[in-house]
Structures are given as structure tokens and as C-alpha cells.
Amino acid sequence: MLKSRTELLISGMEPLFNSWGRRGETVHRTYLEQFLQQYSPDIKGHCLEFQEDSYTSYFGGSQVTKLDILNKETDNPNATIIADLTQPNDIPSNTFDCIICTYTLHIIADLDYMIRELHRILKPGGVLLVSVPDITVNYYQDYELWRFTAKGLHLLLAKSFGDENVTVKTYGNSLTAAGELRGLSTPDFTKAQLNYHDPRYALVVCARSIKKPENLS
Ligand SMILES: C[S@@+](CC[C@H](N)C(=O)[O-])C[C@H]1O[C@@H](n2cnc3c(N)ncnc32)[C@H](O)[C@@H]1O
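On a predicted model such as this, the values are computed, not experimentally measured, just so you know. (Residues numbered from 1 in each chain as written. Predicted model: local features only at pLDDT ≥ 70, side-chain atom pairs only at ≥ 80, totals over all residues. Heavy atoms only, no water.)

### Section: the overall build of the protein
Part 1 of the argument: In terms of helices and strands, the protein carries seven helices and seven strands.
Part 2 of the argument: Starting at the N terminus and walking to the C terminus, you meet the elements of the protein as α-α-β-α-β-β-β-α-β-α-β-α-α-β.
Part 3 of the argument: Counting only residues that meet the buried cut, the protein has 48% of its 217 residues in that class.
Part 4 of the argument: The contacts of the protein with a sequence gap of at least 6 include a subset with a gap of at least 24, amounting to 71%.
Part 5 of the argument: For the protein, the computed accessible surface area is about 11200 Å², with 53% contributed by carbon and sulfur atoms. (Helix = DSSP H or I, 4+ residues; strand = E, 2+ residues; numbered from the N terminus. Buried < 20%, exposed > 50% of the residue type's maximum accessible area, 1.4 Å probe, protein only. Contact = heavy atoms within 4.5 Å. Areas by Shrake-Rupley, 256 points an atom, 1.4 Å probe, with all protein chains shown as cover.)

The structure is reproduced here in C-alpha cells:
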């Protein structure tokens with residue numbers, strides 16, 4: 001639990017802890033998991049996730065009949081598909097029932113191309129679940145390009161999926177945003193603190209986009 005909020009503000013220039021690597025305990029991952037839990041009924045059939053099976057099996061369970069892992073680089077032993085989704089590629093159209101694309105779009109230069117590809121490879125009626133950062137630390141050593149507001153993510157996805165087929169949700173508040181920037185993680189907050197929603201201070205922006213079923217197009 002966060003013992004003293006003033007400690008957060010006055011205890012030096014550097015973050016209290018460097019907790020960013022602790023997957024599952026970082027506040028932004030906790031929020032992402034709330035989102036995936038809510039939409040877990042969508043995680044079924046033939047699924048695609050980026051880099052590794054962080055979420056598909058956990059949230060989809062026995063609803064998942066096949067899982068592919070996509071990586072752009074060739075050196076990932078988890079990968080079943082190597083492809084650059086900002087270039088012409090070999091992935092057949094209308095393949096996946098669900099795509100989980102977490103913390104990836106902020107490193108993609110040609111976002112419009114990538115979203116068109118994600119839409120193309122989904123089956124009609126299939127669902128894309130996305131998470132992107134809003135308020136967060138900058139890792140200048142990494143290839144990070146973008147941060148997203150709810151409106152920006154909605155605009156981007158709606159170009160391919162259509163306005164009415166995109167639902168965007170934000171997570172966080174000024175306390176959890178400041179806390180995460182200062183190195184605190186999920187166990188430092190109460191449930192009420194974590195779940196207080198103030199869209200002005202989103203740590204994570206998530207979206208569910210559904211590819212229009214064929215009989216409606
Ligand atoms: C930082 S990882 C994030 C995924 C991870 N599951 C997570 O939640 O943190 C980024 C993933 O996007 C992939 N990627 C990066 N650029 C890509 C591109 N142009 N086309 C397809 N995948 C790409 C990388 O190979 C990697 O698997």
C-alpha cells in the first residue's frame with residue numbers, strides 16, 4: 001500500500017523504484033488485464049498475439065482452438081509467423097477470430113498500413129483487442145514513436161473498422177499515473193485508488209474493434 005503520498009513527491013529526482021520490468025505488477029499491465037478480462041469472451045477460435053503468449057491462453061482458455069504468435073524479427077523462438085505488417089506479406093486474409101495487439105502500435109511508423117493489415121487478416125466478425133500507452137515514461141533507447149489519446153486511437157481504428165465498430169476505454173487517474181511515473185506498482189495502491197477513473201490522466205488506452213460481419217457489409 002502507498003504509505004505516504006508526500007514521499008512520492010519529495011523523495012528525490014529519480015523514481016522510487018524501477019518497477020517497469022515487473023510484468024503483471026505494473027499498473028498499466030493491471031489495467032490492460034482488466035480490459036482483457038472484460039472482453040475475454042472475444043478471445044476464442046483461431047487467435048493471434050504479438051511476440052509471446054502473454055494473454056491469449058490465460059484469458060481465452062479452452063475457447064482458443066489455435067494460437068499463432070507473430071513477430072517481425074526472425075530471432076523469436078515463440079514466433080509461428082514472421083511478418084512485417086507495414087509491408088505486403090503472406091498472411092492470408094480472413095484468418096483470425098481474435099487478434100491481441102498489446103503495446104505494439106506505439107512503435108509502428110506506418111500505423112494506417114498496419115491497421116489495414118490487422119483488419120484484412122481478421123475474419124468477418126473477428127475482434128481486434130489493442131492496448132497503447134498514454135501517460136508513461138519515455139524509453140529513448142527503444143524505438144518508441146507515439147503516445148495515444150482515446151480520440152486518436154478511435155480515429156485511427158475507425159478508418160479501417162468503421163466508427164460504430166470501435167469501442168475505446170481509458171484506465172487510470174492522476175494518482176496512479178503519477179505513482180507509476182515515480183516507480184510505484186500495483187501493490188502500492190488500494191483497489192479503490194486503482195479503479196478510480198479520470199480520463200484526463202490515462203495510463204493505458206485500450207480498444208475493441210470488430211470487423212463487420214460479411215452479411216452486414
Ligand atoms: C514491444 S513488443 C509488444 C508485444 C508484447 N506482447 C507486449 O504486450 O508487450 C512488439 C511486437 O511487435 C512486433 N512488431 C514490431 N514492428 C512490427 C511490424 N512492422 N509488423 C509486425 N510486427 C511488428 C515485434 O516483432 C514484437 O513482437
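### A closer look at unusual backbone geometry
Part 1 of the argument: Not every positive phi belongs to a glycine, and Q51 is a case in point at roughly 75°.
Part 2 of the argument: Residue placement: Q51 occurs in the loop between strand 1 (45-50) and helix 3 (56-60).
Part 3 of the argument: One non-glycine residue with positive phi stands out, namely Y103, at about 45°.
Part 4 of the argument: Structurally, Y103 can be placed in the loop between strand 4 (96-102) and helix 4 (111-121).

### A look at the packing of helix 4 against helix 5 (residues 150-161)
Part 1 of the argument: The geometry of helix 4 relative to helix 5 is characterised by a closest axis approach of 9 Å and an angle of 50° between their N-to-C directions. Looking at the two axes, helix 4 sits oblique to helix 5. Handedness of the helix 4/helix 5 crossing: right-handed. Only L156, L157, K159, S160 and F161 of helix 5 make contact with helix 4, whose side of the interface consists of L111, D112, I115, R116 and H119. (Axes fitted to C-alpha atoms, helices over the stretch in contact; angles between N-to-C directions. Parallel < 35°, antiparallel > 145°, perpendicular 65-115°, else oblique. Left-handed = near helix turned anticlockwise from the far one by under 90°.)

### Structural notes on the pattern of salt bridges
Side-chain pairs of opposite charge can arise whenever the charged atoms involved come near each other.
Part 1 of the argument: Following the criterion strictly, the structure yields seven salt bridges and no others.
Part 2 of the argument: The shortest N-O distance in the salt bridge between K123 and D97 comes to 3.1 Å. Of this pair, K123 sits in strand 5 (residues 122-133) while D97 is found in strand 4, placing the two residues 26 residues apart along the sequence.
Part 3 of the argument: On the accessibility criterion, D97 (22% relative accessible area) is partly exposed.
Part 4 of the argument: Close ionic contact of E144 with R147 constitutes a salt bridge, the shortest N to O distance being 2.9 Å. (Salt bridge = Lys/Arg side-chain N within 4 Å of Asp/Glu carboxyl O.)

### Remarks on helix 5
Part 1 of the argument: If you check helix 5, its first and last C-alpha atoms are 16 Å apart, about what 12 residues at 1.5 Å a residue would give, namely 16 Å.
Part 2 of the argument: Considered for burial, the residues of helix 5 that qualify are L153, L156, L157, A158, S160 and F161.
Part 3 of the argument: In the core, the buried residues of helix 5 are packed alongside helix 4, strand 5, strand 6 (166-171) and strand 7 (204-210).
Part 4 of the argument: In the stretch just after helix 5, G162 is the one whose phi turns positive, near 90°. (Expected span 1.5 Å × (residues − 1).)

### Brief notes about a nonpolar patch on the surface
Part 1 of the argument: A cluster of nonpolar residues, I107, Y143, L145 and W146, forms a patch on the protein surface that exposes about 380 Å² of accessible area.
Part 2 of the argument: Here L145 is to be found in the loop between strand 5 and helix 5. (Patch = residues over 30% accessible without salt bridge, like charges linked within 9 Å, V, L, I, M, F, W, Y side chains within 5 Å.)

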